[in-house]
Amino acid sequence: DQQVKQNSPSLSVQEGRISILNCDYTNSMFDYFLWYKKYPAEGPTFLISISSIKDKNEDGRFTVFLNKSAKHLSLHIVPSQPGDSAVYFCAALDDKIIFGKGTRLHILP
Amino acid sequence: DAGVIQSPRHEVTEMGQEVTLRCKPISGHNSLFWYRQTMMRGLELLIYFNNNVPIDDSGMPEDRFSAKMPNASFSTLKIQPSEPRDSAVYFCASSLGTGIPYEQYFGPGTRLTVT
């Protein structure tokens, strides 16, 4: 059973608009959450993280929101740029890291 | 730093053959992770090492898979015998630790095809 779920396999967003990537989790013991970004033929790279004691973390164009009561987190990218086209993985940590299956983001010109 | 280095980048082999994937972590990192990525299951953690010692191998699918880390700068993931369902991209990652913050640096992956 998947503990970290990314229910949207893909998402298309117009350049300049906001991209919102969603992630749900089942284990309330997760104490840290991360987002990774992956380009084709490359390994994932760390993007942004959030501790379970916070509800928001911002880094430039990227903001992660955590709603613990709903066991939901989201990554907001604004404004979206062509270079943001990639696969985004949500991950959660208790004693080890568990990744979701990823969402492919397409930024449209 | 060159980052995490994996070899080979691509491997095509026949069912029943032994496959060995190699990884050189970032110098100074003391944790190393092996992942497998497939369309069906996404990115799965197979095993991780801390200070060259295997900590959790619960993700290793079966006894055909084995991993070693003989020293801080080298690790191998071996599949013997290989099967077509092992076809996937295998990533190695390293980090400074297993605690928080928890940033892993991934290699470029090895794309394995078993025919």
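Above: the structure in question.
Everything in this summary refers to the structure shown in the same document.

About the criteria used
- Residues numbered from 1 in each chain as written.
- Chains lettered and ligands numbered in written order.
- Predicted model: local features only at pLDDT ≥ 70, side-chain atom pairs only at ≥ 80, totals over all residues.
- Heavy atoms only, no water.
- Helix = DSSP H or I, 4+ residues; strand = E, 2+ residues; numbered from the N terminus.
- Buried < 20%, exposed > 50% of the residue type's maximum accessible area, 1.4 Å probe, protein only.
- Contact = heavy atoms within 4.5 Å.
- Areas by Shrake-Rupley, 256 points an atom, 1.4 Å probe, with all protein chains shown as cover.
- Pairing = 2+ DSSP bridges.
- Buried area = accessible area lost by both parts, 1.4 Å probe.
- Salt bridge = Lys/Arg side-chain N within 4 Å of Asp/Glu carboxyl O.
- Polar contact = N/O pair within 3.5 Å; in protein donor to acceptor, adjacent residues only side chain to side chain.
- Phe/Tyr/Trp six-rings, centres within 6.5 Å; stacked < 30°, edge-to-face > 60°.

Some points on the overall build of chain A
- A tally of helices and strands in chain A yields zero helices and 11 strands.
- In terms of overall dimensions, chain A has a C-alpha envelope of 40 × 25 × 20 Å along the principal axes.
- Counting the 109 residues in chain A, one finds 47% classified as buried.
- For chain A, the share of sequence-separated contacts (at least 6 apart) that also reach a separation of at least 24 residues comes to 53%.
- As presented, chain A carries roughly 5,300 Å² of accessible surface, and 49% of it is formed by carbon and sulfur atoms.

What about the sheet that holds strand β1 (residues 4-5) of chain A?
Residues and elements named next belong to chain A.
- Ordered by their spatial adjacency, five strands build an open sheet running β1-β3-β8-β7-β6, and the pairing between neighbours is antiparallel. Two strands bound the open sheet, and with one partner strand each, they are β1 and β6 (56-59).
- Judged from the six bridges that link them, strand β3 (residues 19-25) and strand β8 (residues 72-77) form a sheet pairing that is antiparallel. Looking at β8, one finds that aspartate 24 is bridged to histidine 72.

Regarding the interface of chain B and chain A
- Each side of the interface is counted separately: chain B has 20 residues, and chain A has 18 residues.
- Taken over both partners, the interface formed by chain B and chain A buries close to 1,500 Å², and the fraction arising from carbon and sulfur atoms is 63%.
- Counting the contacts that link chain B with chain A gives zero salt bridges.
- Taken together, the links from chain B to chain A amount to four residue pairs in polar contact (both at pLDDT 80 or more).
- Those elements giving two or more residues to the side of chain B that touches chain A turn out to be β4 (31-38) and β5 (42-50) of chain B.
- By residue number, the principal contributor to the side of chain B that touches chain A is β5(B), which donates four residues.

Looking at the packing of aromatic side chains
- All told, the structure shown has 13 aromatic pairs over all chains when counted by the stated rule.
- Between the aromatic rings of Phe99(A) and Phe106(B), the centroid separation amounts to 6.1 Å while the plane-to-plane angle is 80°, which identifies the pairing as edge-to-face. Here Phe106(B) lies in strand β10 (residues 105-106) and Phe99(A) lies in strand β10 (residues 97-99), a pairing that spans two chains.
- Connected via pairs of aromatic rings, a cluster forms that spans Tyr36(A), Phe46(A), Phe89(A), Phe99(A), Phe33(B), Tyr35(B), Tyr48(B), Phe91(B) and Phe106(B).

A word on the side chain of Ser52(A)
All names here are of chain A.
- Within the secondary structure, serine 52 is located in the loop between β5 (45-51) and β6.
- The class for serine 52 is buried, based on a relative accessible area of 14%.
- Excluding its chain neighbours within four sequence positions, the residues that come into contact with serine 52 are Phe30, Asp31, Phe33, Leu66 and Lys68.

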